[in-house]
Amino acid sequence: LWSFELSAGRYTGIYRMRIQGKGSFCNGRRIHVSRAASMEECLIAIGTSPYYKELAEKNFDLFRRLFVDCQDVRRSGSAARDLAYVACGRLDGYLEQRLKIWDFAAGMLLVREAGGCVRDYQGADLGATMIGDVLAANAAVSTVIRENYL
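Bear in mind that the values here come from a model prediction, so they are computed numbers and not experimental data.

A.B. asks: Would you mind going over the nonpolar core in detail, with residue names and values included?
C.D. replies: One finds Val-86, Tyr-94, Phe-104, Val-111 and Val-118 to be the most contacted residues of the largest nonpolar core, which totals 25 residues. Elements that contribute at least two residues to this core include exactly β5 (43-46), α2 (79-87), β7 (93-100), α3 (101-113) and β9 (131-137). If one sorts the elements of this core by residue count, α2 sits on top with six residues. In contact with Phe-104, other than residues within four places in its own chain, are Leu-83, Leu-99, Leu-126, Thr-129, Gly-132 and Val-134. Grouped together as the second largest cluster of nonpolar side chains are 17 residues, Ile-44, Ile-46, Phe-63 and Ala-137 included.

Shown next, in the form of structure tokens:
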């Protein structure tokens with residue numbers, strides 16, 4: 001049994017997610033990634049890689065292209081929160097470059113156990129990578145983003 005608690009900042013709710021071998025759970029209910037199949041259906045979370053300002057031009061070009069094609073983009077500033085929201089279908093995807101493993105490891109497990117994909121920008125498994133470019137979504141959205149935007 002593994003537990004993950006996420007405080008939603010200024011919001012009052014605490015979301016408890018547990019993984020018990022096969023699946024992710026939120027407050028006792030099984031969760032799943034979204035079923036979105038096209039960008040027009042998607043709400044995408046972005047991370048700006050704030051410690052790597054040299055990536056700004058490339059990142060913001062990517063964010064603009066995503067914004068034009070999807071419903072909207074969001075930036076919470078928390079990889080853990082965004083990955084948890086992908087796991088339970090509140091977000092359809094999340095991407096950020098050069099994340100540290102301690103920022104994405106727990107969320108990666110949640111997304112995978114909820115039926116999603118978490119890979120690097122080239123589609124490779126992140127494994128125990130200490131720093132990675134992270135793309136998380138369901139299989140269809142992950143493929144669309146990787147093939148058309150990255």
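After that view of the structure, there is still more to cover.
A.B. asks: How would you summarise the sheet that holds strand β8 (residues 117-119) if you had to cite specific residues and measurements?
C.D. replies: Strand order across the open sheet formed by five strands is β6-β5-β7-β9-β8, with mixed pairing between neighbours. Every other strand in the sheet has two partners, leaving β6 (72-74) and β8 as the edge strands with one partner each. If you compare each strand with its neighbour and ignore which way they point, the axes differ by 20° on average. Lying over the sheet, α2 contacts β5, β7 and β9, oriented at roughly 145° with respect to β7.

Cut-offs and rules
Residues numbered from 1 in each chain as written. Predicted model: local features only at pLDDT ≥ 70, side-chain atom pairs only at ≥ 80, totals over all residues. Heavy atoms only, no water. Core = buried A, V, L, I, M, F, W, Y, C linked by side-chain atoms within 4.5 Å. Buried < 20%, exposed > 50% of the residue type's maximum accessible area, 1.4 Å probe, protein only. Helix = DSSP H or I, 4+ residues; strand = E, 2+ residues; numbered from the N terminus. Contact = heavy atoms within 4.5 Å. Pairing = 2+ DSSP bridges. Axes fitted to C-alpha atoms, helices over the stretch in contact; angles between N-to-C directions.

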